[in-house]
Amino acid sequence: MKIGKFNDPWMDNGVENFYRLLDGLESCEAELTGSSMRVKIKDGEKFIKELTRAVSDKRENLIVIEEDRKTRVKKEVKKDHVLIQEEKKVGGKVALKEEIYKPEKTAETISKVFDLSEGKNTCILCGRKYDKSVKKLQQAAYPFVTKIASLSGVRSYKDGGSLSFKEYYDNLCPICYFIGILEWTDEALVYRTFPGEKSYLFMPYFGNLKDLHEFKKLCIYAGILNNSERYSNIKVNPNTQDVENTPGEYSTLLCFYEKFVENATDEIIVSNWAVLHIPFGAVKNVKIDFLNIDEGILGVIRKLKESGRLERIYSDLMRKMYFFSQNKNTIDRDITWEIQENLSKYFLLDDFRSFTNNLLPRKGGYVFFSSGVRQNLEELIFVWRWEKMGVEKEKLDSIKSVGNIVAKISENNASLLYKLDKVRNIDEFWSVLREISRKLPGLNEEKLRKIKPTALDEVIQLTKEIIEKNKDGWREVRDLIVVYASIYYSLDKLGKKSEGGEEE
Ligand SMILES: [Zn+2]
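Residues numbered from 1 in each chain as written. Predicted model: local features only at pLDDT ≥ 70, side-chain atom pairs only at ≥ 80, totals over all residues. Heavy atoms only, no water.

1. Side note on the packing of aromatic side chains
Item 1. For the structure on display, the rule yields 28 aromatic pairs.
Item 2. Centroid distance Phe-215 to Phe-256: 6.2 Å. Interplanar angle 70°. Geometry classified as edge-to-face. Here the residue Phe-215 occupies a position in helix α6 (residues 209-221), and Phe-256 occupies one in helix α7 (residues 249-263), the gap between them amounting to 41 residues.
Item 3. The exposure class assigned to Phe-256 is buried, which follows from its relative accessible area of 2%.
Item 4. Ring geometry for Phe-347 and Trp-384: centres 5.1 Å apart, planes at 85°, overall edge-to-face. (Phe/Tyr/Trp six-rings, centres within 6.5 Å; stacked < 30°, edge-to-face > 60°. Helix = DSSP H or I, 4+ residues; strand = E, 2+ residues; numbered from the N terminus. Buried < 20%, exposed > 50% of the residue type's maximum accessible area, 1.4 Å probe, protein only.)

2. Overview of the coordination of the zinc ion
Item 1. Within the protein, the atoms that donate to the zinc ion are Cys-123 (SG), Cys-126 (SG), Cys-173 (SG) and Cys-176 (SG), at distances of 2.2 to 2.3 Å.
Item 2. All donors of the zinc ion come from a single chain, and their spacing in sequence reads C-x2-C-x46-C-x2-C. With Cys-126 in the loop between β8 (121-122) and β9 (129-130) and Cys-173 in the loop between α4 (166-169) and α5 (174-182), this residue pair connects regions lying 47 residues apart in the sequence. (Donors = N, O, S within 2.8 Å, 3.2 Å for Na, K, Ca; no water.)

3. A word on the sheet that holds strand β14 (residues 272-279)
Two strands in a sheet stick together by hydrogen bonds in their backbones, pointing the same way (parallel) or opposite ways (antiparallel).
Item 1. Read from one edge to the other, the open sheet built from 4 strands follows the order β12-β13-β14-β15, with strand pairing classed as antiparallel. Unpaired on one side and paired on the other, β12 (190-194) and β15 (287-292) mark the two borders of the sheet. Each adjacent strand pair in this sheet contributes to an overall mean axis angle of 20°, direction not counted.
Item 2. In terms of strand pairing, β12 meets strand β13 (residues 198-204) through 5 bridges, oriented antiparallel. Each bridged residue has a counterpart across the sheet, and for Thr-193 the counterpart in β13 is Ser-199. (Pairing = 2+ DSSP bridges. Axes fitted to C-alpha atoms, helices over the stretch in contact; angles between N-to-C directions.)

4. Here we look at the nonpolar core
Item 1. Counting 159 residues, the largest nonpolar core has Trp-273, Phe-347, Phe-355 and Leu-380 as its most contacted members.
Item 2. Among the elements that make up this core, the one with the highest residue count is helix α17 (residues 474-498) (12 residues).
Item 3. If sequence neighbours within four positions are ignored, Phe-347 has contacts with Leu-254, Ile-297, Val-300, Ile-301, Ile-313, Met-318, Phe-355, Leu-380 and Trp-384. (Core = buried A, V, L, I, M, F, W, Y, C linked by side-chain atoms within 4.5 Å. Contact = heavy atoms within 4.5 Å.)

5. Details of the sheet that holds strand β1 (residues 2-4)
Item 1. Pairing in this open sheet of 3 strands is antiparallel, and the strands run β1-β3-β2 from one edge to the other. Both outer strands of the open sheet, β1 and β2 (28-32), are each paired with one neighbouring strand and no more. Adjacent strand axes in the sheet meet at a mean angle of 15° when their direction is disregarded.
Item 2. Here β1 runs beside strand β3 (residues 36-41); their pairing, made up of 3 bridges, is antiparallel. Bridging from a neighbouring strand, Ile-3 pairs with Met-37 of β3.

In structure tokens, the structure reads:
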């Protein structure tokens, strides 16, 4: 039996998952190439037996054990992202509607799947000719069904009359059914659920099945995933069962990369992802988000890790950024989560401008972090932005100083900081720098002691040099000043607070 690559994230991950399962069986030989998988069944009867056992073991990945809050009795719960329908629980055990996952019917269903007789039907997913379906095409085996009009049984028109192609379009061969329904048990995928809202399921995507397999194998061997948890499966570290509580899609991805770079060899790493957004509620319209993470960004994560200066980019940086609400006089959790998610997102998307935007003070509050986290943020900015500008490190000090000046001027009124952030062309940029220069003498002596007034001239000189080589290079200088101004603004506020004298 030969199964070709589908070039579909669900089915390709499904083939790889199937391969991993077959690889441990004695009754068959499975071989994976870049574009296909070949299976040679040596002993048919034993094969069904072994496979039944393997599928039953994998079924565990669909379920978690939870303690009832009131009765404290343990019961099984189906994971929220799994789109297989459930029947009424029996004795606290999950009963799934698919026969293949009914313990008493698994063997029989698997026998049907591997009855490979040819017939007159054509499979919509792989094109194979087959005799009988185990099941028609449904979301449980292929979650994108409702997204594709031609696959959801809509009518097509021919010669002016209406013709239903339903019988044809939901044709699914038993092998594709098996691969698809089994994919929910894949232990190498990352998931994150926000109860009552939605789940994210992260599927790595490669052009080559062998690379996909190598990568997923690494994820499993590195021990970074704990599939017995309900809402998240990224472990805090491989030695514990505790899992991360990430605030959103991109922070989960960044967190995954952190763990992967820390615990797996880096022979192969994934940059392409298909992320399934699976909503709560009865109608499961699955959305799919294709993400491509630039090699350069993965390089930044690796470099920071290898240098030892910022080993855990999510845990020691993004997760430790908070939003302090002056109105509530405490941390605002919702805005904090939004900022952590956005910082992760714009870093992964290599969008420094939007990244800096999220560090700006907002109405009613500001981003704050400890001085240790400030150092981590500076390391990130240095490796991510500064190094590739090809300017000496000393010159960065002038930019920091100007950031500090802007922070001091903005202490009671952040309008200059916002103005700087909104600068759209070089003339506006010079104009804001002149305004900063005019406001300098207004600062009191105590503040002046902490800043370096010549820095402004140095930054003007530096910007001139940069725009000679690249006329848009001033934008990077602007963004860097905004970042440092936001950092100093936050530190100044924090300093005031720890002295016990918050001014407002
Ligand atoms: Zn098929």
